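# Residue-level structure breakdown
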Amino acid sequence: MTLKKPINGTILKVLAMVTMLCDHIFGIGLSDAEWLHVLGRLAFPIFAFLIAEGYAHTKDFKSYCLRMLGFALLTEIPFNLMMGGLIHPFHQNVMFTFLLSLLLLRAVDRLMEKTSSLLLKLLLVALFTALGYALGQITFVDYFGCGVLTVFLFHFTREKRWGWAVQLVGMWYINWMLLSGYSFSLSLLGHELLVPVQAFALLALVPIWLYNGQRGPGGKKFQYFTYAFYPAHILVLVLIFQWVHR
């Protein structure tokens, strides 16, 4: 008996938005509430998964990218204000991460369509994965090269039989080894274990694996709401905490 997966795209988007909101509340004004930061680790992997799904299902790739670019530009000033100033050239918002990922995925998929050689396809994936990581680093997009790697991970494991295992290993490597960041001490069986806060991003795999492939209610209006929520909530939080600390 196959259990029905209970989570649709709408639920995933709401979960991603709520956890992102928690993380930004922590980052902008409540730095003592680390539990908000822990919850926030779930947001990016879920969004990255949704981008991979959107790429697989979109019927108009050009419009998809233009929409991403438009909201990336719209978000840049609120994002810069959150980072501490009107101009912040060394860290770009996550919409640019997703736009870069989409363009690279399109390029590698087009090249892979032109060959039947499995070896050449694997070489192309490896080459573009390295290129994506490098471009993510030098363009200073949010999550840097690791952000691009996460989108790639979900795209190339999509609907693969052992995809879940590769996702688990890949997410562990990206978040525990590459991103890591600051850690806290966890006592386990009498031993002290240092656990990176970023490792909690692996918990995002639970709702992702429970995704049933359905878009869910809301339609186009909800889709645009999720895009607009990103710059809007950042701007509102910045204004609130600036007013509180006057």
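See the structure shown above.
What you are looking at is a predicted structure, and each value in this text was computed from that prediction instead of being measured.

### Some remarks on the pairing of strand β2 (residues 191-196)
Sheet topology places strand β1 (residues 183-188) next to β2; 6 bridges connect them, and they run antiparallel. Directly across from Ser-185, in β2, lies its bridge partner Leu-194. Between the end of β1 and the start of β2, which pair antiparallel, lie 2 residues, with Leu-189 showing a positive phi angle near 55 degrees.

### Considerations on the pattern of salt bridges
Any two side chains of opposite charge can pair, on the condition that their charged atoms come close. In this structure the tally under the stated criterion is 3 salt bridges. Here Asp-23 ties to Arg-41 by a salt bridge, and the two come within 2.6 Å at their closest N and O atoms. A residue pair is termed long-range when its members are at least 10 positions apart, and Asp-23 in helix α1 (residues 9-28) and Arg-41 in the loop between α2 (34-40) and α3 (43-57) qualify at 18 residues. Across the pair, exposure class does not vary: Asp-23 and Arg-41 are buried alike. Close ionic contact of Glu-159 with Arg-158 constitutes a salt bridge, the shortest N to O distance being 3.6 Å. Salt bridges linked by common partners bring Glu-53, Arg-158 and Glu-159 together as one network.

The rules behind the values
Residues numbered from 1 in each chain as written. Predicted model: local features only at pLDDT ≥ 70, side-chain atom pairs only at ≥ 80, totals over all residues. Heavy atoms only, no water. Pairing = 2+ DSSP bridges. Helix = DSSP H or I, 4+ residues; strand = E, 2+ residues; numbered from the N terminus. Salt bridge = Lys/Arg side-chain N within 4 Å of Asp/Glu carboxyl O. Buried < 20%, exposed > 50% of the residue type's maximum accessible area, 1.4 Å probe, protein only.

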